[in-house]
Amino acid sequence: MNVGIIGAGGIARKMAATLNGMDRANAYAIGSRSLEKAQSFADEFSMPKAYGSYEELVSDPDIGLIYVATPHSHHQQHIRLALEHDKPVLCEKAFTINEKQARDVIDLARSRKLLLAEAIWTRYVPMRKILDETIASGVIGEVRSLTANLGYLIDTVPRLIEPTLAGGALLDVGVYTITFMSMVLGDDFTSFDTTMIPIETGMDGQSTTVFTYPGNVMATVHSTQHAVTDRRGMIYGTKGFIEVQNINNPEAIRIFDLDRNQVKELLQPKQITGFEYQVEACIDAIEAGEVECEQMPHSEILKMMHTMDAIRERWGMTYPME
């Protein structure tokens, strides 16, 4: 399947490199606001087509899937552009800036019977299924508590700073911590408390949120753009605990007993970059005539956006386009 990429930034480069290593997908075309930048990108990744506008890209009849790799602030606009040109879409996380925008593009995709998926790779990688099976086996007993963190030193990057780009740590890295929690505990928490420290522009620099679930289960998630964290997810049970190394692309799952002895380690299968699994899922869904991927259905996309909207509401933080 020929894939066209909207946006020529760092995440687009990772996707292009991934596509070049795949059998079922082809890094076919790049669209940028600058033809010179697009051509340079195309040359680097041996892509047949380069376009100096997104409109030209989505009009190419040979493209079977559009990958949106622009800032969060522009996702709704670029998803709509692709769908209106009858192109299936895989859009980077965070899917949109809020639930309202997510509903808008999901409704459009369904009305046009086109695939629309969120590229949150954690949901698609094989380690997700391995983690599910490990917890379901009962090896750590009943899950009672969970923690997850993700942080990078990225507080000079414009898309993390600027309100007009829907900046802040939440949509960029915090989404992974909430996703990890959701994959383990589900979305039916009963309450939450949250605290945030803003940067000068008013966007969130770092935050911690504590969720309470039925049965006195708790989850604590932390995200920051000011520091490098260990990226770990910890799942605590009545018979032991699980450590997940790197929650956004798990490299290892380690199981410990009640005495804190490691009893098993499950390692990540060989991969290109980890991005290939979401592309494979999209191809499978398109070939099956589906409008969503089972690994990240539209209902789950909306729940994630709803949760992040609720957190921002507590903070009193909005984006200019809202």
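Look above for the structure.
Residues numbered from 1 in each chain as written. Predicted model: local features only at pLDDT ≥ 70, side-chain atom pairs only at ≥ 80, totals over all residues. Heavy atoms only, no water.

Draft legend 1. Fine view of the sheet that holds strand β10 (residues 217-224). The strand order β8-β9-β10-β7-β11-β12-β13-β14 describes an open sheet built from 8 strands, whose pairing is mixed. Because the sheet does not close on itself, it has two edges, and the strands there are β8 (191-198) and β14 (262-267). On average, each strand axis in the sheet is inclined to that of its neighbour by 10°, with strand direction left out of account. Packing of helix α6 (residues 126-136) onto the sheet brings it into contact with β7 (143-151), β11 (233-237), β12 (240-245), β13 (252-257) and β14, and relative to β13 it is tilted by some 15°. (Pairing = 2+ DSSP bridges. Helix = DSSP H or I, 4+ residues; strand = E, 2+ residues; numbered from the N terminus. Axes fitted to C-alpha atoms, helices over the stretch in contact; angles between N-to-C directions. Contact = heavy atoms within 4.5 Å.)

Draft legend 2. Highlighting empty space enclosed by the protein. Under the criterion given, the structure shown has 2 cavities of 30 Å³ or more. Reported here for the largest cavity is a volume of approximately 50 Å³. As for the largest cavity, its lining consists of T122, V125, M127, R128, L131, F180, M183, V244, I247 and P250. At the level of elements, α6 and α8 (169-185) are the ones that each hand at least two residues to the lining of the largest cavity. Top contributing element to the lining of the largest cavity by residue count: α6, with 3 residues. By volume, the second largest cavity is sized at about 40 Å³. For the second largest cavity, the full set of lining residues is L170, G174, T177, I178, S207, T209, V221, H222, S223 and I311. Looking at the lining of the second largest cavity, the elements with two or more residues in it are α8, β9 (204-213) and β10. (1 Å grid on protein atoms, 1.4 Å probe; cavity = no way out; pocket = protein on both sides within 12 Å on 5 of 7 lines; lining within 4 Å. Points joined across faces, edges and corners; volume = space filled by probe spheres on them.)

Draft legend 3. Main features of the packing of aromatic side chains. Across all of its chains, the model carries 8 aromatic pairs by this definition. Seen from their ring centres, W121 and F275 are 4.9 Å apart, and the 90° between their planes marks the pair as edge-to-face. In this pair, W121 is assigned in the loop between β6 (116-119) and α6 and F275 in the loop between β14 and α9 (276-287), connecting sequence segments 154 residues apart. Across the pair, F275 and W121 agree in class, each one buried. Centroid distance F189 to Y213: 6.1 Å. Interplanar angle 75°. Geometry classified as edge-to-face. Residue F189 is located in the loop between α8 and β8, and its partner Y213 is located in strand β9; the two are separated by 24 residues in the primary sequence. Taking relative accessible area as the criterion, Y213 reaches 5% and is therefore assigned buried. If you follow R314 out to its NZ or CZ, it ends over the ring of F192, 4.0 Å from the centre. (Phe/Tyr/Trp six-rings, centres within 6.5 Å; stacked < 30°, edge-to-face > 60°. Buried < 20%, exposed > 50% of the residue type's maximum accessible area, 1.4 Å probe, protein only. Lys NZ or Arg CZ within 6 Å of the ring centre and 35° of its normal.)

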